[in-house]
Amino acid sequence: MVLIHLATGRKSTRARLTRLLRAETCMMLGIGAILLLRFMVVDEIDAIASLRHSEVLMAVQGGETIRNDGAADPVMTMATWGKDIQEACRSGLAETAILHNETARRRKREIETAAIQKMRIPSDEMLKDSRLIDGRPKYKHCKNVFIDLGSNIGDSIAYFVETEFDLCTREWASKFGHERKFRHGLSRIKLDTAFPAFTANSTGSNRASGLFRKYMPVHEDACVYGMEGNPAFTERLKKLENLLMLMEPRPVQHVHIHTQTVIAGKDGLTELYLDEHSTENNFWGSSILSSQQDAVKTAERNGGRTVSTPVTAISLTTLLWSTLMPFKPNAIDGDETSGGTVIIKMDVEGAEYQVLKEVATSNMLCDYIKMGNTVVMVVEFHVNSISDEAQRRQQMDGTDAARDKLEGCGVIFAELGAG
């Protein structure tokens, strides 16, 4: 219509319409420029956010930052990291083969310290970010699973992870095995759950390494699930979970630590009676049983009033159903239903009796074994910790039959230092 008026209309009309067309054209160009500018700004913001995320994620322990600016380093796997440290260990061992002294020990610490510095450790801000945990699925069905019931400060999970990283000690210990004093003075890579951080100057033993190496020698494809009711450890355990899920190399496939949650004979809500007495032992006596001796001592110091907190209770059957590969919906018969291992460590201050009875009744573990899988249970029994005789009898009644049933179908009851 505008073009027809320009061609046929009077001069004044043509002039007005020409101005109108120019205004419309300028307006359209302006809108286009604004949109283009908006897209450029959004792209720039996304690029900055992406780079910032990469900088934080790839922050290496010690303060150095590796930037992912398009020429990203490949993901560091346990295979590549392990190969490097093993080569360095063998070379160092050859150099110090005749030195059964502090020089050899110091060389081993230097090798392990250098290996730790190659790890890509998330920043402290990311370790504290609980939104990262909320954004991950809690459960993943895995072939090999380690379940830590009564995680406390996460030391058993740390033992499990350390076994994967401690690649030098076995070779060096075997070389100098005839010198017991030297062997016990060897450093090892340790995961300190307080920060959390890896160090190479620990000489304390990993009392669970033998059991883990015997029943689950490769951890990288394993999933780890923890459970702790005491809210005093929630922040610490969340940071530990973020570390293990975000670091490179990642030592396990998946980690989720249930906080303010306990294992029990049935799903639902329950009370956790808190131990605020055993300070030196990280309040290890908290229990869902009100007569647990450390909870009783706490009540005595509190004028006879028990100290408790509401927590979520999950049965072992529910946890196994959600985590073991054979129980995945549409699991492939054979490849996904057999050949797996679950190691269950249970230190739950008296609740172990109802848990064993529940899982024996459900037949979950026996069915898992019948499919061609392995079950190892490490249970600490607390018969003397339950101070009320009636509550003790109630908990223990039927436990022997439950354990006999589990052992009869193939469950292995082991000690933490076994293997």
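Our subject in this report is the structure included herewith. Treat the numbers as computed from the prediction; the structure is a model and nothing was measured. (Residues numbered from 1 in each chain as written. Predicted model: local features only at pLDDT ≥ 70, side-chain atom pairs only at ≥ 80, totals over all residues. Heavy atoms only, no water.)

One number sums up the size of the largest pocket: a volume of about 710 Å³. Residue lining of the largest pocket: 41 residues in total, with Gly-150, Lys-345, Asp-347, Glu-349 and Glu-380 positioned closest to the centre. (1 Å grid on protein atoms, 1.4 Å probe; cavity = no way out; pocket = protein on both sides within 12 Å on 5 of 7 lines; lining within 4 Å. Points joined across faces, edges and corners; volume = space filled by probe spheres on them.)

Given 3.6 residues to a turn, an α-helix orients residues that are three or four positions apart in the same direction. Taking 1.5 Å of rise per residue, the 16 residues of helix 4 (residues 102–117) would be expected to cover 22 Å, and the 22 Å separating its terminal C-alpha atoms lies within 8% of that figure. Among all positions in helix 4, only Ala-104, Arg-105, Lys-108, Ile-111, Glu-112, Ala-115 and Ile-116 are buried. The arc that holds every buried residue of helix 4, seen down its axis, measures 140 degrees, which confines them to one face. (Helix = DSSP H or I, 4+ residues; strand = E, 2+ residues; numbered from the N terminus. Expected span 1.5 Å × (residues − 1). Buried < 20%, exposed > 50% of the residue type's maximum accessible area, 1.4 Å probe, protein only. Arc of directions from axis to C-beta.)

This part covers the pairing of strand 10 (residues 374–379). Of all 6 residues that make up strand 10, 5 are buried, and the element is covered over most of its length. Bridging between strand 9 (residues 341–346) and strand 10 involves 6 bridges; their strand directions are parallel. For Lys-345, the partnering residue across the bridge sits in strand 10 and is Val-378. Of the pairings in the sheet, the one linking strand 10 to strand 11 (residues 412–413) comprises 2 bridges and is parallel in character. Residue pairing across strands places Val-376 opposite Ile-412, the latter belonging to strand 11. (Pairing = 2+ DSSP bridges.)

The subject of this paragraph is the packing of aromatic side chains. This structure, assessed with the given rule, holds 9 aromatic pairs. For the pair Tyr-353 and Phe-381, a centre-to-centre distance of 5.8 Å together with 40 degrees between the ring planes defines the contact as tilted. Here Tyr-353, found in helix 14 (residues 352–362), pairs with Phe-381, found in the loop between strand 10 and helix 16 (389–396); they are 28 residues apart in sequence, far enough to count as distant. With a relative accessible area of 34%, Phe-381 lands in the partly exposed category. Taken together through their ring pairs, the aromatic side chains of Trp-81, Phe-165 and Phe-198 make up a single cluster. (Phe/Tyr/Trp six-rings, centres within 6.5 Å; stacked < 30°, edge-to-face > 60°.)

Our focus in this paragraph is the side chain of Arg-120. One can find Arg-120 in the loop between helix 4 and helix 5 (124–128). There is a polar contact of 3.0 Å between the side chain of Arg-120 and the backbone oxygen of Pro-74. (Polar contact = N/O pair within 3.5 Å; in protein donor to acceptor, adjacent residues only side chain to side chain.)

Of the consecutive residues Phe-195 and Pro-196, the connecting peptide bond is found in the cis state with omega at -15 degrees. The linkage connecting Glu-248 with the following residue, Pro-249, adopts the cis geometry, with an omega of 0 degrees. Locating Pro-249 in the fold gives a position in the loop between helix 11 (234–246) and strand 5 (254–259). Of note in this structure, Asn-152 is not a glycine but carries a positive phi near 55 degrees. With respect to the secondary-structure elements, Asn-152 resides in the loop between strand 1 (144–149) and helix 7 (155–165). Positive phi values are uncommon outside glycine, yet Asn-363 reaches one of about 65 degrees. As for its placement among the helices and strands, Asn-363 is situated in the loop between helix 14 and helix 15 (364–370).

Attention shifts here to the pattern of salt bridges. Once their charged atoms are close, side chains differing in charge can pair, the charge on each being opposite to the other. This model, assessed by the stated rule, comprises 13 salt bridges. The shortest N-O distance in the salt bridge between Glu-336 and Lys-328 comes to 2.9 Å. Judged by its relative accessible area of 15%, Glu-336 falls in the buried class. For Lys-328, a relative accessible area of 26% corresponds to the partly exposed category. Glu-389 is the partner of Arg-393 in a salt bridge, and the nearest nitrogen-oxygen pair spans 3.0 Å. Linking Arg-393 with Glu-389, this pair stays in helix 16, spanning 4 residues, or about one helical turn. (Salt bridge = Lys/Arg side-chain N within 4 Å of Asp/Glu carboxyl O.)

Time to look at the packing of helix 14 against helix 16. Interhelical geometry of helix 14 versus helix 16 gives an angle of 25 degrees and a closest axis separation of 8 Å. By the angle between their directions, the pair helix 14 and helix 16 is classed as roughly parallel. As for how helix 14 packs across helix 16, the hand of that crossing is left-handed. Judged by residue contacts, Tyr-353, Gln-354 and Lys-357 of helix 14 engage Gln-394, Gln-395 and Met-396 from helix 16. (Axes fitted to C-alpha atoms, helices over the stretch in contact; angles between N-to-C directions. Parallel < 35°, antiparallel > 145°, perpendicular 65-115°, else oblique. Left-handed = near helix turned anticlockwise from the far one by under 90°. Contact = heavy atoms within 4.5 Å.)

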